[in-house]
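Chain residues, written in single-letter form:
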Amino acid sequence: MVDVTEKEMDNPTFRSDTVLSDVHLHCPNKRHLMVRLNAVGQPVFLSYFKFLWNTEDSASEKHVKEVTTGREHQNRSGDELCDQDRSNQKKERELNSEGVEALLDDDGDLEVVRRPRSASDLEAEDLLRDIVCPVILMKGREDAFEDEEQECACSDVVKIEHTMATPLEDVGKQVWRAAFLLADYILFQRDTFRCCSVLELGGGTGITSIIMGTVAKRVYCTDVGEDLLAMCEQNVALNKHLMEPGGGEVKVKELDWLKDEFCTDPEVPYSWSEEEIADLHDHCSVIMAADVFYDDDLTDALFKTLYRITHNLRNSCTVYLAIEKRLNFTLRHMDVTCEAYSHFRNNLNDLENLQDREIKYTVEPIDVDFCQFLVYERIEQL
């Protein structure tokens, strides 16, 4: 058993191969509950990410890429919108216009933390961007857990189990900014994703799939690693109440980009059934991935997987890719570079220039001037 104390966290020491996401450090003063140790002995925390809007309203879009695939002699199709949803679209667009506006500060920079106009001054104080250190509350502090349960019983909070620091191979267990950015875009474009069938590649903790599950018909949230997938499945269960009103469903599945086929072995946890693979191929019209471009070999593997899957889809498909451009000083260049991002863009260009008689890929950037609906630090490198 590993004993982790608050004193130890005041002066954390990380090994050279430790990767740390600072998303949780840029949230308002909220406690991060250490709920357990995972299968490899890493502390697992439970954090709460608050919506900046009323979830009864419609939500309204830094660099997100939209990749549209179109087949020759075939019109784009997919699950049709429900009749009731069609009748509500006009009303929801009106709600959008009265929602959260993009604001600029005195220097002309985008003011990233916003609130609905109807929010009170007290609520505004809760949204201040304080950089804070996590406080570990060990399981057994019943009073603390009761407080958190009361706070998170409402429908304006996403509950996510995650780690705070891992080796590079386990970064999917952390929460990353690009996932929140993509979640913002989903909330902003709810009508676009309503009643769709969606595939997420590299879903990690599942936060983006959970947000998508509030509007889409079915979401296949995929990644690799039994421990990670179990954490993702736990997060889906924790937020089931957010998806139930719209009838959305999130299925957690294994999808290894280094393999050419879906895992269908019933003895393997999170494997696919033949019916699920057929459902994906027949109905999927949206694929998404957030903050998965940090290793060149994995980036190559993802684009190969993307090509293979889109070739097997019956309908045309739109792929949404969100990425954070991470700046690094390298001795090779003697300058600050974004090598992982550059490799991602090269793959993207190759995909767009691909000569294929059956399918064509069109790449379009999405301006990130849409409003923010989750509490996190949105930075210009997104």
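Residues numbered from 1 in each chain as written. Predicted model: local features only at pLDDT ≥ 70, side-chain atom pairs only at ≥ 80, totals over all residues. Heavy atoms only, no water.

The chain goes by Methyltransferase-like protein 22 in an unreviewed UniProt entry, where it is assigned to Xiphorhynchus elegans. The UniProt entry for the chain carries the following comment under Subcellular location (unreviewed entry): "Nucleus". Quoted verbatim from the Subunit (unreviewed entry) field of the UniProt record, the comment on the chain reads "Interacts with members of the heat shock protein 90 and 70 families; these proteins probably are methylation substrates." (UniProt positions renumbered as here; feature names shortened; annotations may be inferred.)

Q: I would appreciate a short explanation of the overall build of the chain in the present structure.
A: On a plain count of helices and strands, the chain comes out with 12 helices and 17 strands. Taken as a whole, the chain presents about 19,200 Å² of accessible surface, with 47% of it coming from carbon and sulfur. (Helix = DSSP H or I, 4+ residues; strand = E, 2+ residues; numbered from the N terminus. Areas by Shrake-Rupley, 256 points an atom, 1.4 Å probe, with all protein chains shown as cover.)

Q: Please explain the confidence of the model for the chain as it appears in this structure.
A: Detailed reading of the predicted model is not advised wherever pLDDT is low. Confidence along the chain averages 78 in pLDDT terms, with 65% of residues attaining 70 or more. Confidence over residues 1-10 falls short of pLDDT 50; this stretch has 12 contacts with residues more than four positions distant or in other chains. Across residues 113-125, confidence stays below pLDDT 50; counting only partners more than four residues off in sequence or on other chains, it has 23 contacts. (pLDDT = per-residue confidence, 0-100. Contact = heavy atoms within 4.5 Å.)

Q: Sorry, what's going on with helix α5 (residues 177-188) here?
A: For an α-helix the count is 3.6 residues per turn, leaving residues at separations of three or four pointing the same way. In this model, α5 (12 residues) spans 17 Å end to end at C-alpha, consistent with the 16 Å of a helix rising 1.5 Å per residue. Of all 12 residues that make up α5, 11 are buried, and the element is covered over most of its length. Residues of α5 that are buried: Arg-177, Ala-178, Ala-179, Phe-180, Leu-181, Leu-182, Ala-183, Asp-184, Tyr-185, Ile-186 and Leu-187. (Expected span 1.5 Å × (residues − 1). Buried < 20%, exposed > 50% of the residue type's maximum accessible area, 1.4 Å probe, protein only.)

Q: Is there a simple way to think about the pattern of salt bridges in this case?
A: Scanning the entire structure with this criterion turns up 14 salt bridges. In this structure, Arg-218 engages Asp-279 in a salt bridge whose closest nitrogen and oxygen atoms are separated by 3.3 Å. Of this pair, Arg-218 sits in strand β11 (residues 218-223) while Asp-279 sits in helix α10 (residues 274-283), and the two are 61 residues apart along the sequence. A single burial state applies to Arg-218 and to Asp-279, both of which are buried. As a salt-bridge pair, Asp-291 and Arg-326 come within 2.8 Å of each other at their nearest N and O atoms. In this pair, Asp-291 is assigned in the loop between β13 (284-290) and α11 (296-312) and Arg-326 in the loop between β14 (317-322) and β15 (328-330), connecting sequence segments 35 residues apart. Overall, the relative accessible area of 29% leaves Arg-326 in the partly exposed class. What emerges from the salt-bridge pattern is a single network uniting Arg-177, Asp-291, Glu-324 and Arg-326. (Salt bridge = Lys/Arg side-chain N within 4 Å of Asp/Glu carboxyl O.)

Q: Looking at this model, I keep getting lost on the side chain of Thr-299. Mind explaining?
A: Position of Thr-299 among the secondary structure elements: in helix α11. With a relative accessible area of 1%, Thr-299 lands in the buried category. If we skip the residues at most four places from it in the chain, Thr-299 touches Phe-293, Tyr-294, His-343, Phe-344 and Asn-347.

Q: What should I look at first to understand helix α12 (residues 339-352) in this one?
A: With 14 residues, α12 extends 20 Å from end C-alpha to end C-alpha; this agrees with the ideal 20 Å at 1.5 Å per step. Those residues of α12 not exposed but buried are Tyr-341, Phe-344, Asn-347, Leu-348 and Leu-351. Viewed along the axis of α12, the buried residues span an arc of 120°, placing them on a single side of the element. (Arc of directions from axis to C-beta.)

Q: Sorry if this is basic, but what is going on with unusual backbone geometry here?
A: Generally, phi is negative for residues other than glycine and the peptide bonds are trans, each holding for most cases. Unusually for a residue other than glycine, Tyr-270 sits at a positive phi of about 65°. Tyr-270 gets classed as buried once you look at its relative accessible area, which sits at 16%. For Asp-291, which is not glycine, the phi torsion reads 55° and is therefore positive.

Q: Even after reading the chapter, I still don't get the packing of α11 against α12, so can you show me in this structure?
A: Any two packed helices are characterised by the angle at which their axes cross and by the distance between the axes. One way to put it is that α11 packs onto α12 with a least axis distance of 10 Å and a crossing angle of 25°. With respect to each other, α11 and α12 are oriented roughly parallel. Every pair of crossing elements has a handedness; the one defined by α11 and α12 is right-handed. Between α11 and α12, the residues in contact are Asp-296, Thr-299, Asp-300, Phe-303 and Leu-306 and Glu-339, Ala-340, His-343, Phe-344, Asn-347, Leu-348 and Leu-351, respectively. (Axes fitted to C-alpha atoms, helices over the stretch in contact; angles between N-to-C directions. Parallel < 35°, antiparallel > 145°, perpendicular 65-115°, else oblique. Left-handed = near helix turned anticlockwise from the far one by under 90°.)

Q: Would you take a moment to explain the environment of Asp-227 for this structure?
A: Within the secondary structure layout, Asp-227 lies in helix α8 (residues 226-238). Residues Asp-227 and Lys-173, spaced 54 residues apart in sequence, show a C-alpha to C-alpha distance of 9.0 Å. With residues near it in sequence (within four places) discarded, Asp-227 still touches Asn-38, Ala-39, Val-40 and Lys-173.

Q: Before we go on, may I ask you to explain the pairing of β11 in this structure?
A: Each regular strand carries side chains that alternate between the two faces of the sheet. Most of β11 is tucked away: six of the six residues are buried. What you see with β11 is no split at all: Arg-218, Tyr-220 and Thr-222 on one side and Val-219, Cys-221 and Asp-223 on the other are buried throughout. In this fold, the crossover linking strand β10 (residues 197-200) to β11 by way of helix α7 (residues 207-213) has right-handed handedness. Of the pairings in the sheet, the one linking β11 to strand β12 (residues 249-254) comprises six bridges and is parallel in character. Directly across from Tyr-220, in β12, lies its bridge partner Lys-251. (Right-handed = clockwise from strand over helix to strand, strands pointing away. Pairing = 2+ DSSP bridges.)

Q: I tried to follow the packing of aromatic side chains on my own but got confused; where do I start?
A: Enumeration according to the criterion identifies 14 aromatic pairs in this entry. Consider the rings of Tyr-185 and Tyr-320, whose centres lie 5.6 Å apart with planes at 45°: the pair is tilted. One end of the pair, Tyr-185, is in helix α5; the other, Tyr-320, is in strand β14, with 135 residues separating them in the sequence. We note that Tyr-185, like Tyr-320, is buried. With a centroid separation of 5.3 Å and an interplanar angle of 70°, the aromatic rings of Phe-193 and Tyr-320 are classed as edge-to-face. Highlighted residues: Phe-193 in helix α6 (residues 190-193) and Tyr-320 in strand β14, separated in sequence by 127 residues. (Phe/Tyr/Trp six-rings, centres within 6.5 Å; stacked < 30°, edge-to-face > 60°.)

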